[in-house]
Structures are given as structure tokens and as C-alpha cells.
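# Coordinate inspection notes
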Amino acid sequence: MTGRDSVQIPDDRDFGAFREQCESERGWNLTYNKGGVGVWVQLLEPERALHKIKCRMECRDVPAETLYDVLHDIDYRKKWDTNVIETFDIGRLTANSDVGYYAWRCPKPLKNRDVVTLRSWLPMGSDYIIMNYSVKHPKYPPRKDMVRAVSIQTGYLIKGTGAKSCTITYLAQVDPKGSLPKWVVNKSSQFLAPKVSLWHCGGSGVGARGGSLCPSSSSSQAMKKMYKACLKYPEWKQKHDPHFKPWLFPEQSRLPALALSELSLQHADSLENIDESSLAESKEDRGEGSDEDS
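Identification of the protein as START domain-containing protein 10 from Alaudala cheleensis is taken from an unreviewed UniProt entry.

### Describing the overall build of the protein
Counting secondary structure elements, the protein contains six helices and 15 strands. Burial analysis of the protein (294 residues in total) assigns 56% to the buried set. Of the accessible surface of the protein, which amounts to about 12,900 Å², a share of 50% is contributed by carbon and sulfur atoms.

### Examining the layout of surface pockets
Counted as a void, the largest pocket has a volume near 480 Å³. Contributing to the lining of the largest pocket are 26 residues, with Ile74, Asp89, Phe244, Pro246 and Trp247 lying nearest its centre. Breaking the lining of the largest pocket down by element, the ones donating at least two residues are helix H3 (74–80), strand E4 (84–94), strand E5 (97–104), strand E6 (113–124) and helix H5 (216–238). Per-element accounting of the lining of the largest pocket gives the leading share, five residues, to E4.

### What about the packing of aromatic side chains?
The full count for this structure, using the stated rule, is eight aromatic pairs. Grouping aromatic residues by their ring pairs yields a cluster made of Tyr76, Tyr233 and Trp236.

### Things to note about unusual backbone geometry
Backbone geometry places aspartate 61, a non-glycine residue, at a positive phi of 65 degrees. Locating aspartate 61 in the fold gives a position in the loop between strand E3 (50–60) and helix H2 (64–72).

### Quick look at the pairing of E6
Across the twelve residues of E6, nine count as buried, placing the element largely inside the fold. Alignment of E5 against E6, held across eight bridges, turns out to be antiparallel. The partner of glycine 100 across the bridge, within E6, is threonine 117. Two strands pair when backbone bridges link them, and E6 and strand E8 (residues 147–148) are joined in this way by two bridges, in the parallel orientation.

### Here we look at the nonpolar core
Counting 40 residues, the largest nonpolar core has Leu67, Leu71, Ile158, Ile168 and Met226 as its most contacted members. In terms of residues, this core owes the most to one element, H5, which gives six residues. Core analysis: the next-biggest nonpolar cluster, separate from the first, contains 14 residues, Tyr133, Val135, Met146 and Leu265 among them.

### Some thoughts on the environment of aspartate 175
As for its placement among the helices and strands, aspartate 175 is situated in strand E10 (residues 165–175). The buried category is assigned to aspartate 175, whose relative accessible area is 3%. For the pair aspartate 175 and isoleucine 152, spaced 23 residues apart in sequence, the C-alpha to C-alpha distance is 7.2 Å.

### So, the pattern of salt bridges
Per the stated rule, a full pass over the model turns up 15 salt bridges. With a shortest N-O distance of 2.6 Å, aspartate 81 and arginine 77 are connected by a salt bridge. Given a relative accessible area of 3%, aspartate 81 falls into the buried group. Between arginine 143 and aspartate 145 there is a salt bridge whose closest N-O contact spans 2.8 Å. Look at arginine 143 and you get partly exposed, because its relative accessible area is 28%. The exposure class assigned to aspartate 145 is partly exposed, which follows from its relative accessible area of 45%. Shared partners join several salt bridges into a network, and the residues in it are Arg19, Glu23, Asp127 and Lys159.

### What about the state of the cysteines?
Tallying each qualifying case throughout the model produces zero disulfides. This cysteine, cysteine 166, is not joined by any disulfide, and cysteine 59 carries the nearest cysteine sulfur, 4.4 Å off. Take cysteine 166: its relative accessible area is 2%, and that puts it in the buried class.

### Some remarks on the pairing of E5
The buried fraction of E5 amounts to eight of the eight residues, a majority that puts the element mostly inside the structure. Alternating positions in E5 separate into two faces, Ser97, Val99, Tyr101 and Ala103 on one and Asp98, Gly100, Tyr102 and Trp104 on the other, with burial throughout. Across eight bridges, E4 lies against E5 in antiparallel orientation. Within the sheet, the bridge partner assigned to valine 84 lies in E5 and is tryptophan 104. Turn length for the E4-E5 hairpin, with the two strands adjacent in sequence and antiparallel, is two residues.

### Section: the environment of valine 174
Its place among the elements puts valine 174 in strand E10. Accessibility expressed as a relative area gives 0% for valine 174, which makes it buried. Spatially, the C-alpha atoms of valine 174 and tyrosine 133 are 9.0 Å apart, while their sequence positions differ by 41 residues.

What counts and what doesn't
Residues numbered from 1 in each chain as written. Predicted model: local features only at pLDDT ≥ 70, side-chain atom pairs only at ≥ 80, totals over all residues. Heavy atoms only, no water. Helix = DSSP H or I, 4+ residues; strand = E, 2+ residues; numbered from the N terminus. Buried < 20%, exposed > 50% of the residue type's maximum accessible area, 1.4 Å probe, protein only. Areas by Shrake-Rupley, 256 points an atom, 1.4 Å probe, with all protein chains shown as cover. 1 Å grid on protein atoms, 1.4 Å probe; cavity = no way out; pocket = protein on both sides within 12 Å on 5 of 7 lines; lining within 4 Å. Points joined across faces, edges and corners; volume = space filled by probe spheres on them. Phe/Tyr/Trp six-rings, centres within 6.5 Å; stacked < 30°, edge-to-face > 60°. Pairing = 2+ DSSP bridges. Core = buried A, V, L, I, M, F, W, Y, C linked by side-chain atoms within 4.5 Å. Salt bridge = Lys/Arg side-chain N within 4 Å of Asp/Glu carboxyl O. Disulfide = S-S within 2.5 Å.

Here you go:
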């Protein structure tokens with residue numbers, strides 16, 4: 001759906017095309033492969049850091065349905081995602097699509113980013129897809145203290161590989177907006193975004209609606225952080241409204257209904273272009289580079 005010209009709810013063809021991208025190797029450059037985590041990049045516009053990134057991780061001792069729940073559960077995300085500044089669901093479009101807001105911290109001294117996205121999901125037996133793209137909502141315009149990024153296409157493919165194991169592929173094409181410093185473009189082949197939120201740089205960029213800027217090693221760290229969150233989720237959920245899962249049971253949704261007519265596409269060229277090209281890398285971020293799991 002990257003060539004869309006209006007706000008639409010994804011159909012089976014869109015989910016199929018997304019899955020095909022997640023599983024394809026053609027045109028992708030493998031930049032990291034260690035500890036069960038692989039990171040691939042597809043450069044589109046290097047001078048603007050506009051590219052696609054794909055991360056894949058093997059998850060042992062984590063059933064596919066648990067990982068799917070973790071990506072959806074906004075309350076749990078606030079517990080483990082240290083880079084989230086603010087995230088909330090805005091409204092419901094259909095039984096398997098909604099609109100939400102996500103703001104995350106970027107490496108200093110860059111300005112923090114945020115997005116408003118239309119998210120859709122599809123359970124397929126032991127496999128699941130969650131994906132999103134940026135939209136405009138009249139009540140949530142760009143903020144002065146944030147740079148509004150644009151998710152062109154972001155999402156997850158979860159594939160069950162056993163009763164207690166799965167793989168997750170995170171695919172993102174995001175426009176971070178702004179002229180970025182060369183150290184960011186060189187060091188980073190990743191600008192993750194939204195609440196399909198992945199795991200961010202120095203934290204997470206993985207989720208159902210969120211994102212970030214970070215190198216391959218940070219992508220790996222973020223995926224491992226999500227994995228740890230999955231291991232702890234069943235115990236946490238038992239103590240926090242254990243039967244409330246509106247992503248599985250739409251009748252439980254407490255969100256107000258939204259009409260597609262209230263939304264419009266968020267085009268990157270309509271947003272202010274922030275020039276951060278002269279910003280120097282901070283000492284604390286310069287030291288981040290270990291791909292070891294902490």
C-alpha cells in the first residue's frame with residue numbers, strides 16, 4: 001500500500017503484499033546477523049536516510065500468540081519500552097483497525113519524533129500480521145516540541161514455529177523528516193517508527209505504532225529487549241486485566257468509533273523539514289555500539 005492516494009483500510013491483497021516483502025530476500029542488504037537476529041537494509045534515498053529496514057528474530061520459549069499480545073498491549077508497552085514518551089489509541093475504525101499516537105525519544109541531540117498512524121491486524125492461524133501507515137487526524141496536528149515523522153509502511157509478521165516458539169519480522173519504511181547529520185546516516189541504517197512500534201535506538205523501536213533511529217546493533221538490542229518483555233508478559237498480564245484483549249475480542253474495545261472521512265493521508269512533503277545536519281553526536285550516544293545483550 002505504499003502507493004496509496006487516499007486513506008484506506010488494508011485488504012487481503014495488502015496483507016499478502018506485506019508478507020511477501022517480509023519473506024523476500026531480493027534487493028536487501030544483510031547488515032547484521034548474530035544471536036538469532038538478522039537486520040537487512042534497502043537504501044532508497046541515502047542523502048535523506050529514507051530507506052527500508054527489516055529485522056528478523058527467532059523467539060524460543062515464546063508462543064506466537066504471546067508475542068502478538070505484547071505488540072498490541074499498550075499498557076504493557078509503557079512498562080518495558082524505555083523510549084516511549086507518550087502513546088495512546090485515538091479511535092476504532094473496524095474490528096481489526098484503529099488510529100493511534102506514538103512519540104519516542106531519538107538519540108541526542110536530535111529532536112524527538114512522533115507519528116499518528118492507521119494500524120490494521122490480521123490473525124492467520126498460528127501466524128499474525130500487524131501493520132500501519134501515517135495519517136492526519138484534525139485533533140492531533142504536529143507538535144512544536146516534536147518532529148512529525150511519516151510511516152510509509154511499518155509492521156510485523158509473526159510466524160509460529162512450534163507450540164512455544166516463533167519468528168518475528170519487523171519491516172519499516174519511515175521518513176524521519178529533516179536533514180540529518182552524516183553521523184546519523186552513516187551509523188544508522190534504521191529509522192523505525194510506529195506503534196507497530198518497534199524497538200528504538202537505545203531502547204525500543206518495536207511496537208505496534210512506534211519507531212526510532214538506530215544502527216543495526218541497536219536494532220538487535222531492541223529486538224532482544226522485546227523478547228525479554230515477552231517472557232515476562234504472561235505473569236504480568238495475569239495481574240492486569242487478564243481477559244481484556246480487544247485485539248482478539250473486538251467487542252471489548254472501549255475506543256470511540258472513527259470514520260475514514262475524519263482522516264487524510266500524511267504526506268511527508270507537507271511537513272516542515274527540520275535541519276539537524278550540523279548537530280554533533282553526543283558523547284553518551286557515541287559510546288553505544290555493543291551488540292551484546294545487557
